[in-house]
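# Working through the structure, step by step
Here is how the chains run, residue by residue.
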Amino acid sequence: MPVMIQTAGLKTKSRGYIKGPDAPVNSVHIRASTLPNPFGKINLSSYHEEENIERVKLFLLETSGTKLKTMISKGVDAIQKGKPLIITCTYGKHRSRAVAQLIGDKFHPSKVYYVHREG
């Protein structure tokens, strides 16, 4: 049975429009908001979201390799144990999705599925 990798933003009073995570009880939570924010540092003006995510992956690999590798390792371990994975960042658009893909790419597509709560 495939394991869920969910991405979401962090809901606050000022960002009430954000859905936030919908986490199962046994899920593992990774906070991608602790990684450098790519906004304003790389061009995210592409109309193709996948291109933007690829740019963010490269940015994160270049700016925070060790911290990112630790997150990926934690995510891979959770998936191998069959635990759902929740990855959050401020808005749930770029960092969380990039980290989710970097983790999910370690598995055959039949082993994981993605749920993107924001957008």
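Reading the values: rules and limits
Residues numbered from 1 in each chain as written. Predicted model: local features only at pLDDT ≥ 70, side-chain atom pairs only at ≥ 80, totals over all residues. Heavy atoms only, no water. Helix = DSSP H or I, 4+ residues; strand = E, 2+ residues; numbered from the N terminus. Expected span 1.5 Å × (residues − 1). Buried < 20%, exposed > 50% of the residue type's maximum accessible area, 1.4 Å probe, protein only. Arc of directions from axis to C-beta. Phe/Tyr/Trp six-rings, centres within 6.5 Å; stacked < 30°, edge-to-face > 60°. Lys NZ or Arg CZ within 6 Å of the ring centre and 35° of its normal. Core = buried A, V, L, I, M, F, W, Y, C linked by side-chain atoms within 4.5 Å. Contact = heavy atoms within 4.5 Å. Pairing = 2+ DSSP bridges.

On to helix H2 (residues 65-80), then. Compared with an ideal rise of 1.5 Å per residue, which puts 16 residues at 22 Å, H2 spans 22 Å between its outermost C-alpha atoms and is within 8% of the ideal. Along H2, the residues that are buried comprise Leu68, Met71, Ile72, Gly75, Val76, Ala78 and Ile79. Angularly, the buried residues of H2 cover 160° about the axis, an arc narrow enough to put them on a single face. The outward face of H2, more than 90 degrees from its buried face, is lined by the exposed residues Thr66, Lys69, Thr70 and Gln80.

On to the packing of aromatic side chains. A full pass over the atoms with the stated rule returns zero aromatic pairs. One residue, Arg15, lies across the ring of Tyr91, its end atom 5.2 Å from the ring centre.

With 26 residues, the main nonpolar core has Ile5, Leu60, Ile79, Leu85, Ile87, Val99 and Ile103 as its most contacted residues. The dominant element in this core, judged by the number of residues it contributes, is H2, at six residues. Among residues more than four places away in sequence, those in contact with Ile5 are Ile79, Leu85, Ile87, Ala100, Ile103, Gly104, Val112, Tyr113, Tyr114 and Val115.

Along strand E3 (residues 85-89), five of the five residues are buried, which leaves the element largely enclosed by surrounding structure. Residues Leu85, Ile87 and Cys89 of E3 are buried on one face, and the alternating residues Ile86 and Thr88, pointing to the opposite face, are buried as well. Looking at chain direction, strand E1 (residues 3-9) and E3 are connected through five bridges and run parallel. Counterpart to Thr7 in the pairing with E3 is Ile87. Summarising the sheet, strand E2 (residues 28-31) and E3 pair through four bridges and their orientation is parallel. The residue of E3 that forms the bridge with Arg31 is Thr88.

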